[in-house]
Amino acid sequence: MALIETETAPERIELHAEHHPHLAHHFESMEQQREAGTLGMWWFLLTEIMFFGGMFLAYTVYRHIYFDAFAAGSNVLSIWWGTFNTAVLIASSLTMALAVFHAQMGNSRKVVRFLLFTIILGTIFLRVKYIEYSDKFEEHVFPAGDFRWPIEHEANRPNNVGDMLLMLIGAEPLNSSPQGPEHAFSVKVTTKYAEKGPYYGVGGQVPEEVQDPGFGGHVRMYFWLYFAMTGFHALHMIIGIGLLLMLAWQARKGKFSREYHSYIELTGLYWHFVDIVWIFLFPLLYLVDRHL
Amino acid sequence: MSEHIVPKKIYYRIFGALLVGTALTVIFAFINLGNFNIVAALLIAIAKALLVITFFMHVKYSSRLTKLWVAVGFIWLFIMLAITMTDYLSRAWLVYRP
Amino acid sequence: MSMTPLTATAGRLTSEGEPLNYLNNGHGLKSWLLTKDHKRIALLYLFSVSFFFIIGGIFALLIRINLLSPEGLFNPDTYNRIFTAHGIIMVFLFLVPAVPAVLGNFLLPIMIGAKDLAFPKINLLSWYCYVVAGIFLTVALIAGGIDTGWTFYTPYSTSYSNSNVLLAGVGIFIAGFSSILTGINFIVTVHTMRAPGMTWFRLPLFIWAHYATALVIMLGTPVLAITLSLMALERVAHVGIFDPAMGGDPVLFQHMFWFYSHPAVYIMVLPAMGVVSELIANLARKNIFGYKFVAMSSLAIAVFGFLVWGHHLFVSTQSIYLGIIFSFLSYAVAIPSAIKVFNWTATLFKGSISYDTPMLYGLGFIGLFLIGGMTGLFVAALGIDVHVTDTYFVIAHFHYVMVGGSLMGFLGGMHLWWGKITGRMYPEYWARAAMVIQFVGFNLTFFPQFILGYLGMPRRYAAYPPEFQVLHVLSTAGATILGLGMLITIIYFIWSLKNGERAPANPWGASGLEWRTSSPPPTENFLETPVVTWEAYEFAPIETMDVLGYPGDPGKPSQPVPAEHGTED
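Everything numeric in this text was worked out from a predicted model, so none of it was measured. (Residues numbered from 1 in each chain as written. Chains lettered and ligands numbered in written order. Predicted model: local features only at pLDDT ≥ 70, side-chain atom pairs only at ≥ 80, totals over all residues.)

**A word on the overall build of chain A**
Right, so step 1: Of regular secondary structure, chain A possesses nine helices and zero strands.
Right, so step 2: Counting only residues that meet the buried cut, chain A has 49% of its 292 residues in that class.
Right, so step 3: Across chain A, every contact between residues at least 6 apart in sequence was considered, and the portion connecting residues at least 24 apart equals 70%. (Helix = DSSP H or I, 4+ residues; strand = E, 2+ residues; numbered from the N terminus. Buried ≥ 20, exposed ≤ 12 C-beta atoms within 10 Å, placed from the backbone. Contact = placed C-beta atoms within 7 Å.)

Okay, structure coming up:
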């Protein structure tokens, strides 16, 4: 915004020429600009806490009311995938923090490298979520449409690291095909809950006189919350990956420096927040009543 | 926020702690602690979140105001959860017995 | 106490020789629709907010016309859609944005001595979000409206209503986003961009009020967002999360909805209270009595306002024990509001009161908010609420605080700062007349509704027993008078844009940084960053106050310089 040259204020023109090219005109200094950006991003994250918080509230209420149904639903999830994803996301937080570190050092090449690592790890996370979601569709526990409980046919679940890596790239696992209803979670579910009541079926064969139509509905609510919470989380991850791609591109073009890299720090804050949401989602969704 | 540069080795240590926490979460899930399973899981999750907030998000090196806002966010969430759950927990207290 | 004069607008003129200010600095649609200037964005908001206010007002008149006769004019289904439209538009498209997005956007940076808000592009984005929200809601209305009430209670809204719930939900979600973006801007700006010397306790109370409002917006609106999202997902998937027939709890929806919607009423009233502090202090030319108490009470209202939402659930299956706690807390939240009312009244004592329109609106606010607030305490008592909930008593209560409170605050602020914003003064005598007409019309509309409600007239009913007709006719007569009063205001405001007296920099002899720059201000608000060395609300005898004029005033430097056309960033 060019100021008009007047005889009374020529010094303003000189000051104008001195400032950092990335200093916005309404700020007095880079420090003020960075402080404002950081505070703004923190406040945005607080709104996100309350946004996800609403779903945590619904989860808390219904877990309290329908604990057994939540336990049954939770036992359907694969602990291998859940733990793996948690580790992947934590690793991506590390690479993000390191990207910020290198930005503070002014090392653009390493910034790009660590941003790319973060993107790759985030993509692996989303790939696993895709596998898990496909499994749910296959097992008919997606809450809308053709929901069926008990599960009649289990999808492939990994039970070792090798199988996980094979399934990640879309190959067939070697060991994890279920061998009938006595296997994996069906066994656990049957033996553990058999004495609790007639709610848990073996391969879909619940004796007719003890079928409780309401129970399936409550398990359906668990899955509804599962998809809503992990779905919104995944949406935030996709947005985050988009932001990271933009940043990596800009870093590669040399936009950032030791004095100016706030967008990387702010995106880092966002990414860490998304990690924290998952840190809570993992035990709440995957680990309900897992012990025998 | 002053530009405090956190040394890399702290990041690696925190990363290690987070992985340990994850492993503990899974291990505890398979031990029967009754009602305390959820308590243990949440305590570990809170500890992990605090590590991420304090070190990865640099809150330890941020102003007191930032620390206040972070606390406020979680307190507000807690208010919403606690008061609403009070409703569900206390509804059954008043039971009509004819 | 010295009053350092800031630079006049002299020295900077447009090519036509007019003083260069934010209004004539750049012409054309693009310079307005792509502006980053908070003052222009405030005007964009003013136009859109006023538009929806008029639409919402038309729906209000339709309601009142329907209630003229006991059989009603419209069939119940249509009537449901009319009052829902009135509620949604007035709450989300008028009351929530009006004072913060119009007056707050315009004045906040100027009052703290900054050049703009912290994030100007996000400010513009928030206006576009508002416009998109308005479009969604308009489409929802044209497509037949919504019949659930603005509260969208489940399971009716999720499983049974065949109206445009999804469209409306998306629209309100986006409006919430607009609100949140404004809130982020306000908080960051107040924290990081105050001019040198502008300490927290030298800030005008308008700023304290908007700061507290921003806190409420940030912590509450996201819960509305998730509630609407879950409601929308439920409408699509029918899982039963809020449907008792499938094991869900409709009261959970109510908890989540009111967790936002109660603090929302403080979003609507706190900024207006901030305006009232300015109206009273400046038109009584006296420092606000108990400044710190008033400032802190804004924060207290923001905090306590989050702890009382259950008073909307007294007659639901919410636990009675929790109901008792909510009732007690609802009484507690009235205390900071009362502190403000006492302090404003004490400010008037021995002040040099001029009964110009802004002061009239300020006094009107105090009286009407008093009635509204007190009747709020009545309904906060569990026993009384069982009797009057979902009756016209509650409607009268919230209209007293929303219209008698927020709207009066908004109008008072518009009159106080009209000269600053547009460079023109409104016609004083017409304005006073309009205010009195509005005041009389308002009371005639809503006071009978207290009686109606107490006698048992339920809300949201299209038809009623004949014994209520007299009161309803009085109420409709009042609404007509109120509408007339509003029409007069709108007309003279528009008239004043071309024909009003030119406003000097400080027509009221008021205090505050906004009065130390020209009317209208230059795009950068000040030509030099002010350095504040005085406390809030310091008044000198009016003759000695440095009232800035236009280039050509004796003693002011005046150098006509051809401006660069359209230099707006």
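Read on, since the account is not over.
**As for unusual backbone geometry**
Residue and element names in this part refer to chain C.
Right, so step 1: A cis geometry characterises the amide bond from Thr 154 onward to Pro 155, with omega recorded as -5°.
Right, so step 2: Of note, the amide linkage connecting Ser 519 to Pro 520 takes the cis form, showing an omega dihedral of -5°.
Right, so step 3: If you check the backbone angles, Lys 350 has positive phi at about 60° while not being a glycine.
Right, so step 4: One can find Lys 350 in the loop between α11 (320–348) and α12 (357–380).
Right, so step 5: Positive phi values are uncommon outside glycine, yet Asp 390 reaches one of about 60°.
Right, so step 6: Mapping Asp 390 onto the fold places it in the loop between α13 (382–388) and α14 (392–422).

**Remarks on the confidence of the model for chain C**
Predicted coordinates in areas of low pLDDT are best not read in detail.
Right, so step 1: Here chain C shows a mean pLDDT of 91. Residues at 70 or above account for 93%.
Right, so step 2: The ipTM assigned to the predicted complex is 0.92, against a pTM of 0.91. (pLDDT = per-residue confidence, 0-100.)

**A few points about the nonpolar core**
Right, so step 1: Counting residues in each nonpolar core, the largest one holds 296 residues, and the members touching the most others are A:Trp43, A:Ala58, A:Leu115, A:Leu225 and C:Ile89.
Right, so step 2: With 23 residues, helix α9 (residues 250–283) of chain C is the single largest residue contributor to this core.
Right, so step 3: The residues touching A:Ala58, leaving out its near neighbours within four places in the chain, are A:Leu225, C:Leu230, C:Ile241 and C:Leu252. (Core = buried A, V, L, I, M, F, W, Y, C linked by C-beta atoms within 7 Å.)

**Quick look at the environment of A:Ile119**
Residues and elements named next belong to chain A.
Right, so step 1: Counting through the fold element by element, Ile 119 comes out in helix α5 (residues 108–138).
Right, so step 2: Considering only alpha carbons, one finds Ile 119 and Thr 230, 111 residues apart in sequence, at a separation of 18 Å.
Right, so step 3: Residue contacts for Ile 119: discarding those within four places in its chain leaves Ile 241, Leu 244, Leu 245 and Ala 248.

**A closer look at the interface of chain A and chain C**
Right, so step 1: Across the boundary between the two partners, chain A contributes 33 residues, which contact 39 residues of chain C.
Right, so step 2: When its residues are assigned to classes, the side of chain A that touches chain C shows 19 nonpolar, 11 polar and three charged. (Nonpolar A, V, L, I, M, F, W, Y, C, P; charged D, E, K, R; others polar.)

**Concerning the interface of chain A and chain B**
Right, so step 1: Taken residue by residue, the interface counts 35 residues in chain A and 34 residues in chain B.
Right, so step 2: Here the residues of the side of chain A that touches chain B sort into 21 nonpolar, 10 polar and four charged.

**Some thoughts on the packing of helix α7 (residues 165–192) of chain C against helix α8 (residues 205–237) of chain C**
Residue and element names in this part refer to chain C.
Right, so step 1: Orientation of α7 relative to α8, taken along the N-to-C sense of each, is 155°, at an axis distance of 8 Å. It follows that α7 is roughly antiparallel to α8 by the angle criterion. Viewed along their axes, α7 and α8 form a crossing whose handedness is left-handed.
Right, so step 2: Taken together, the residues that form the contact of α7 with α8 break down as 19 nonpolar, seven polar and one charged. (Axes fitted to C-alpha atoms, helices over the stretch in contact; angles between N-to-C directions. Parallel < 35°, antiparallel > 145°, perpendicular 65-115°, else oblique. Left-handed = near helix turned anticlockwise from the far one by under 90°.)

**So, the confidence of the model for chain A**
Residue and element names in this part refer to chain A.
Right, so step 1: Taken residue by residue, chain A gives an average pLDDT of 82. The fraction at 70 or more is 80%.
Right, so step 2: The spread of mean pLDDT over the elements of chain A runs between helix α1 (residues 11–18), the lowest at 43, and helix α9 (residues 262–286), the highest at 96.
Right, so step 3: Ignoring residues within four places in sequence, the model shows residues 1–17, a span with pLDDT below 50, making 19 contacts including any to other chains.
Right, so step 4: Confidence over residues 179–187 falls short of pLDDT 50; this stretch has 13 contacts with residues more than four positions distant or in other chains.

**Comments concerning the packing of helix α2 (residues 30–65) of chain A against helix α3 (residues 64–90) of chain B**
Right, so step 1: Where α2(A) contacts α3(B), the axes come no closer than 10 Å and their chain directions differ by 20°. In terms of axis orientation, α2(A) runs roughly parallel to α3(B). The two elements α2(A) and α3(B) meet at a crossing, and its hand is right-handed. Seen from α2(A), the contacting residues are A:Trp42, A:Trp43, A:Leu46, A:Ile49, A:Met50, A:Gly53, A:Phe56, A:Leu57, A:Thr60, A:Val61 and A:His64; seen from α3(B), they are B:Thr66, B:Trp69, B:Gly73, B:Phe74, B:Trp76, B:Leu77, B:Met80, B:Leu81, B:Thr84, B:Met85 and B:Tyr88.
Right, so step 2: Here the residues of the contact of α2(A) with α3(B) are counted per class, giving 16 nonpolar, six polar and no charged.

**As for α8(C)**
Residues and elements named next belong to chain C.
Right, so step 1: Under the 1.5 Å per step criterion, the end-to-end length of α8 is 47 Å for 33 residues, consistent within 8% with the ideal 48 Å.
Right, so step 2: Taken as a whole, α8 carries its principal kink of about 30° at Gly 220; the proline Pro 222 stands between one and four residues after it.
Right, so step 3: Taken across its 33 residues, α8 has 27 buried, putting it largely inside the fold.
Right, so step 4: Following α8 by one or two positions, His 238 has its phi on the positive side, about 50°. (Expected span 1.5 Å × (residues − 1). Bend = angle between axes of the 7 residues up to and from the residue.)

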